[in-house]
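# Fold and contact review
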Amino acid sequence: MQRNQYGNMPPANSPPLHHPVPQHVSTVPQLRSPPPPVPQHQQQSAGYGNPYQPQGGGNAFGAYGGFINDPTAQMGFQVGQTALKHGTEYMEQNFNRYVNVSALKHYFNVSNSYVVNKLFLVLFPWRHKPWSRKQSVGPNGQEGWFLPPRDDLNSPDMYIPLMALVTYILLSTLLAGLRGSFQPELFGYTATWAFFIVAIEILGLKLGCYLLSISNDSQLLDLVAYSGYKFVGVIVTLVVSEVLNHGKGTGGWMGWTVFGYCFAANALFLLRSLKYVLLPENTTDERGTMQTVARSQKSRRTQFLFLYSYPVQLIFMWALTSV
């Protein structure tokens, strides 16, 4: 029995297939299925790489974007701005009762060249001349107000004393840390001690000015500025003594030598500078009449100035360097 061999049959001749070719090609938009729902606990972190999240160009506030355009919210913003404006005005009016802001700005009107020259003057006042302050000249040729520190090297400023006070606090705690005795409480203790010394010094100066009948419009601010220059000498004493004594502090003959020089320089600087504040040639009474200072009164003022510049500064600078 023979089997038919279908595999060896010749192929049938079938006609070729013709596929229809479209005559007008139209672009059909590609449809995408909507994204799967995101669980609620993943909604906060879904913004990192979510392909379905719009990248910019949308409302940054999302569903809450309409809150800004709400009339009630705009009214609330206006009320808040009005309250803030009135609060600022109230603070400025009450602050100006105790501190003259316009006069205080005068003491911070400094330049880079002034700061460098002033620091050099505080540390090396031996050959500086003159010490008198410059005054502006009015249209009638009369002298007016004192020039700011930017234009007068002999004018007191508050920028250097303030920066020196902050540097002293940070430097004292840094040296304590290098010696292995740093504690967080040292910041508060050092700052309190420095402010206490400055406050006692200013109160003593004001009391002496009251007893000696010394009056000046800008006397208090001048005294505050001059009382802070001692921190420049204190900082130099701490740094140089720490380097020369190899971390042993301000003790030893090297430390006392540096301290003695800084004290003498600061004392001479205050003696020359405060001469025009505490020893004016003429004084003005309440009616604006110029009065000449008597010789005996001038002698007492000179003694007070010498006492403040040397013994008082010696005690205060020693107390600041021994912390």
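For the structure itself, consult the block above.
If you're wondering where the values come from, they're calculated on a predicted model, not measured in any experiment.

In this structure, Asp157 sits in the loop between β2 (143-146) and α4 (159-178). Notably, Asp157 is buried but unbridged: the nearest opposite-charge side chain belongs to Lys118, and the N-O separation is 5.1 Å. At 2.7 Å, the side chain of Asp157 forms a polar contact with the side chain of Tyr114. Of the polar contacts made by the side chain of Asp157, one reaches the backbone nitrogen of Ile160; its length is 2.9 Å. Beyond its immediate chain neighbours, meaning those up to four positions away, Asp157 contacts Tyr107, Val110, Tyr114, Lys118, Pro149, Ala225 and Tyr229.

What follows covers unusual backbone geometry. Put simply, Lys129 and Pro130 share a cis peptide bond, and its omega is -10°. Following the sequence through the fold, Pro130 ends up in the loop between α3 (112-123) and β1 (135-137).

Inspection of every chain in the model, using the stated rule, returns 13 aromatic pairs. Ring centres of Tyr226 and Tyr229 lie 6.1 Å apart, and the angle between their planes is 50°; this geometry places the pair in the tilted category. Side by side, Tyr226 and Tyr229 carry an identical accessibility label, which is buried. Grouping aromatic residues by their ring pairs yields a cluster made of Phe120, Phe124, Trp126 and Tyr261.

A separate point is a nonpolar patch on the surface. Among the surface-exposed residues, Phe108, Tyr159, Leu162, Met163, Val166, Leu170, Phe182 and Phe187 lie close enough to one another that they form a single nonpolar patch of about 690 Å² accessible area. The biggest single contributor to the nonpolar patch is α4, with 5 residues. Mapping Phe108 onto the fold places it in the loop between α2 (101-106) and α3.

Cut-off values and rules
Residues numbered from 1 in each chain as written. Predicted model: local features only at pLDDT ≥ 70, side-chain atom pairs only at ≥ 80, totals over all residues. Heavy atoms only, no water. Helix = DSSP H or I, 4+ residues; strand = E, 2+ residues; numbered from the N terminus. Buried < 20%, exposed > 50% of the residue type's maximum accessible area, 1.4 Å probe, protein only. Lys, Arg positive; Asp, Glu negative; His and termini not counted. Salt bridge = Lys/Arg side-chain N within 4 Å of Asp/Glu carboxyl O. Polar contact = N/O pair within 3.5 Å; in protein donor to acceptor, adjacent residues only side chain to side chain. Contact = heavy atoms within 4.5 Å. Phe/Tyr/Trp six-rings, centres within 6.5 Å; stacked < 30°, edge-to-face > 60°. Patch = residues over 30% accessible without salt bridge, like charges linked within 9 Å, V, L, I, M, F, W, Y side chains within 5 Å. Areas by Shrake-Rupley, 256 points an atom, 1.4 Å probe, with all protein chains shown as cover.

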